[in-house]
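# Architecture at a glance
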Amino acid sequence: MQLGNLERSVMEALWEHPDGMFAHVLAAGLPSQPATTTVLTVLMRLSNKGMVSRERVGRAHLYKATADKDAFVAEAMRAALDEAGDVAAAVQRFVGTVTPEVAGALREALGERDVSAP
């Protein structure tokens, strides 16, 4: 799932504050200083996408990310591969660009997957 710039900024802030944030606090902390109403619109969009939950606290809502950043990145990687015309070629190109640390993490994850496969 792709996010716009403001959506991404909002999600980054929510990931940094796992206990949640109020829209006015979130708006004040963003570098672009958007209006609270703009942030509320973005939060509703993110809620409709299933990325954000809200809980009523007094007269306001406390917003929280529904999944951690790692889960979002993993889903984005899977979605990008789904878009590839030739998955094997896309994976080969990707693997050719990663750092040794990332290559090691891929090897380890694939090894764990192979061990747990029936």
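One can find the structure itself at the top, above this paragraph.
Residues numbered from 1 in each chain as written. Predicted model: local features only at pLDDT ≥ 70, side-chain atom pairs only at ≥ 80, totals over all residues. Heavy atoms only, no water.

### Digging into the nonpolar core
In plain terms, the rule: Among buried residues, the Ala, Val, Leu, Ile, Met, Phe, Trp, Tyr and Cys ones that are joined through side-chain atoms within 4.5 Å form a nonpolar core. Here's how the labels work: a residue is buried when its accessible area is under 20% of the maximum for its type, exposed when over 50%, partly exposed in between, all with a 1.4 Å probe on protein chains only. Where helices and strands are cited, they refer to DSSP runs of H or I of at least four residues and of E of at least two residues respectively, numbered from the N terminus. Working rule for contacts: check all heavy atoms of both residues, and any pair within 4.5 Å makes them a contact.
Membership of the largest hydrophobic core comes to 19 residues, with the highest contact counts inside it found for Val10, Met11, Leu14, Leu26, Leu43, Leu46 and Val52. Of all the secondary structure elements, the ones that give two or more residues to this core are α1 (5-16), α2 (23-29) and α3 (36-48). Per-element tally for this core: the top contributor is α1, with five residues. With near-sequence residues (within four places) excluded, Val10 lies in contact with Leu26, Leu30, Val42, Leu43 and Leu46.

### Quick notes on the packing of α1 against α3
Worth spelling out the cut-off: Lines are fitted to the C-alpha atoms to define the axes, a helix being fitted only along its stretch in contact, and any angle between axes, read from their N-to-C directions, falls within 0 to 180 degrees. Each angle gets one of four labels, with under 35 degrees taken as roughly parallel, over 145 as roughly antiparallel, 65 to 115 as roughly perpendicular, and the rest as oblique. Side-chain classes are defined by residue name, with Ala, Val, Leu, Ile, Met, Phe, Trp, Tyr, Cys and Pro counting as nonpolar, Asp, Glu, Lys and Arg as charged, and the others, Gly among them, as polar.
Taken N-terminus to C-terminus, the directions of α1 and α3 make an angle of 80 degrees; their axes are 10 Å apart at the nearest point. Taken together, the axis directions place α1 and α3 in an arrangement best described as roughly perpendicular. Between α1, through Leu6, Glu7, Val10, Met11 and Leu14, and α3, the contact on the second element is made entirely by Thr38, Val42, Leu43, Arg45 and Leu46. Of the residues contributing to the contact of α1 with α3, the split by class is seven nonpolar, one polar and two charged.

### A short note on the pattern of salt bridges
So the rule is basically this: Any Lys or Arg side-chain nitrogen found within 4 Å of a carboxyl oxygen on Asp or Glu counts as a salt bridge.
Taken as a whole and judged by the stated rule, the model has five salt bridges. Lys49 is paired through a salt bridge with Glu7; the nearest N and O atoms lie 3.0 Å apart. Highlighted residues: Lys49 in the loop between α3 and β2 (52-57) and Glu7 in helix α1, separated in sequence by 42 residues. Here Lys49 falls in the partly exposed class, since its relative accessible area comes to 33%. The exposure class assigned to Glu7 is buried, which follows from its relative accessible area of 7%. Here Glu12 makes a salt bridge to Lys69, at a shortest N to O gap of 3.0 Å. Within this pair, whereas Glu12 is found in helix α1, its partner Lys69 is found in helix α4 (residues 69-83), the two being separated by 57 residues in sequence. Classification of Lys69 as partly exposed rests on a relative accessible area of 33%.

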